[in-house]
Amino acid sequence: MEEEAGVLKEGFLVKRGHVVRNWKVRWFVLLQDKLLYYKIEGGKKEPSPKGRILLDGCTITCPCLEYENRPLLIKLKTKTNTDYFLECCSREERDSWALDITGAIHAGHPVQVQELHRMKNSFKLLENISLHNIVERMYDSSTGIKLTRNLDQGNRYKETFTGSALVDWLISNSFAVSRFEAVTLASMLMDENFLRPVGVRSTEATRSSDPSEKFLDDSTALYMFAESSKKNTSSKEEVHFNISEFSGTIVKQGFLVKQGHKRKNWKVRKFVLRADPAFLHYYDPTKEDNKPVGGFSLRGCLVSALEDNGVPAGVKGNVQGNLFKIITKNDIHYYIQASSKAERVQWIEAIKPLT
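A quick note: this is a predicted structure, and the numbers were derived from the prediction, not measured.

J.: How should I be thinking about the packing of aromatic side chains in this particular structure?
T.: Geometry of an aromatic ring pair is reported as the spacing of the ring centres plus the angle between the planes. Counted according to the given criterion, the structure contains 12 aromatic pairs. Here the aromatic cluster, defined as three or more aromatic residues joined through ring pairs, consists of Phe271, Tyr282, Phe296, Tyr334 and Trp347.

As structure tokens, this is what we get:
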């Protein structure tokens, strides 16, 4: 088995296909010198890897903004000039994978690893940086920052961007080398009235006495160009989802395997847990529209771990281990599989207080 060399990290990532440019969820295993990826069938990892990415001589780009509907990408270019695009489920997860992959690429070169950590914590803004120039670039229709509709406390805002999206954009366009630098730069743009906070979270942060906390590197904090129109609330609802379902704070998100209701087949879904109001939505990570394929209110739900010996009742296919079940107050049963016991405990502990 190739995995005997010691696993540095493993988990679900969404990978772009080489021949057909579609996106598929694969189970990735990071070893010292390579990244293996496996197909998951019926909630189980296939014994042999579907492919491998050799890390020697690889270059990594993170953040990678080549796909505007997939902002959480890592791009790997191998020594033989093959490009791999890997999508994570959150910014923290993406940065953690990027750091571990970079560490593995440079493992044989301790000086470069030290340099990496120094750069990650460094602070050296470009001299003579022109804020006007940055804002002009941000406005560029093809390479600028993508403006989207966002929700905050039940209000819907047009033409906004999130704090973490701006930080990604500043790093990707070489205006900053670390997230700390990018946050400082974003605060300067706000101080000079190029940007303004939108909604409760980002507005409250501006009252902080610490300059590094005035701008939030966060996917729930909203900002807009200062001269953009004021709040633009729309009454249009998402497909059969009430807009208020998405107004809660994101408590946890990640990839889990879920049993289908009709065909009882097992598919990887990206789950997003929100509080106030408490909802759990799930998304098809291979699609780009970022609309949930399902979701439910957690009020009155029961959540419990299922036994690990054998296949529990209600579970179809030979799927076992790390399973848990959520029963909604309308008595709909959801069967979900985490990738480890610890992950199952984390999800159950996050859901329980919201029921």
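J.: What exactly am I supposed to notice about the nonpolar core here?
T.: Across soluble globular proteins, you tend to see nonpolar side chains buried next to one another. Ranked by size, the top nonpolar core spans 27 residues in total, and within it Ile134, Met138, Leu166 and Leu170 carry the most contacts. When residues of this core are traced back to their parent elements, those giving at least two are helix H3 (131-139), helix H4 (163-172), helix H5 (179-191) and strand E13 (222-225). Per-element tally for this core: the top contributor is H5, with 6 residues. If you look at the next biggest cluster of nonpolar residues, it comprises 23 residues, including Val25, Trp27, Leu306 and Tyr335.

J.: Help me understand H5 in this model?
T.: The periodicity of an α-helix, 3.6 residues per turn, causes residues three or four places apart in sequence to face the same way. The terminal C-alpha atoms of H5 lie 18 Å apart, and with 13 residues this matches the ideal 18 Å at 1.5 Å per residue to within 8%. Among all positions of H5, only Arg179, Glu181, Ala182, Val183, Leu185, Ala186, Ser187, Leu189 and Met190 are buried. Structurally, H5 contributes buried residues whose contacts are with helix H1 (91-105), H3, H4, strand E12 (195-198) and E13. Within two residues after H5, Asn193 carries a phi angle of roughly 65 degrees, on the positive side.

J.: Hey, could you run me through the packing of H3 against H4 in this one?
T.: How two helices sit against one another is set out by the angle between their axes and by the gap between those axes. Where H3 contacts H4, the axes come no closer than 12 Å and their chain directions differ by 110 degrees. Of the possible angle classes, the one that applies to H3 and H4 is roughly perpendicular. Only Leu166, Trp169 and Leu170 of H4 make contact with H3, whose side of the interface consists of Ile134, Arg137 and Met138.

J.: Just to check I follow, could you spell out the pairing of strand E6 (residues 51-54) for this structure?
T.: A regular strand places its side chains so that they alternate between the two faces of the sheet. The alternating pattern of E6 places Gly51 and Ile53 on a buried face and Arg52 and Leu54 on a face that is not buried. Bridging between strand E3 (residues 34-38) and E6 involves 4 bridges; their strand directions are antiparallel. Within E6, the position partnered with Lys34 by the bridge is Leu54.

J.: Whenever I open this one, the pairing of strand E8 (residues 73-77) confuses me. Can you help?
T.: Along E8, 4 of the 5 residues are buried, which leaves the element largely enclosed by surrounding structure. As judged from the 4 bridges shared by strand E7 (residues 59-64) and E8, these two strands associate in the antiparallel manner. Its bridge partner lying in E8, Cys64 is registered against Leu73. In terms of strand pairing, E8 meets strand E9 (residues 83-87) through 5 bridges, oriented antiparallel.

J.: I'm lost on the side chain of Asp168 in this one. Help?
T.: Along the polypeptide, Asp168 turns up in helix H4. Aside from chain neighbours lying at most four places away, what touches Asp168 is Pro63, Leu65, Pro71, Arg91, Arg94 and Arg179.

Criteria and cut-off values
- Residues numbered from 1 in each chain as written.
- Predicted model: local features only at pLDDT ≥ 70, side-chain atom pairs only at ≥ 80, totals over all residues.
- Heavy atoms only, no water.
- Phe/Tyr/Trp six-rings, centres within 6.5 Å; stacked < 30°, edge-to-face > 60°.
- Core = buried A, V, L, I, M, F, W, Y, C linked by side-chain atoms within 4.5 Å.
- Buried < 20%, exposed > 50% of the residue type's maximum accessible area, 1.4 Å probe, protein only.
- Helix = DSSP H or I, 4+ residues; strand = E, 2+ residues; numbered from the N terminus.
- Expected span 1.5 Å × (residues − 1).
- Contact = heavy atoms within 4.5 Å.
- Axes fitted to C-alpha atoms, helices over the stretch in contact; angles between N-to-C directions.
- Parallel < 35°, antiparallel > 145°, perpendicular 65-115°, else oblique.
- Pairing = 2+ DSSP bridges.

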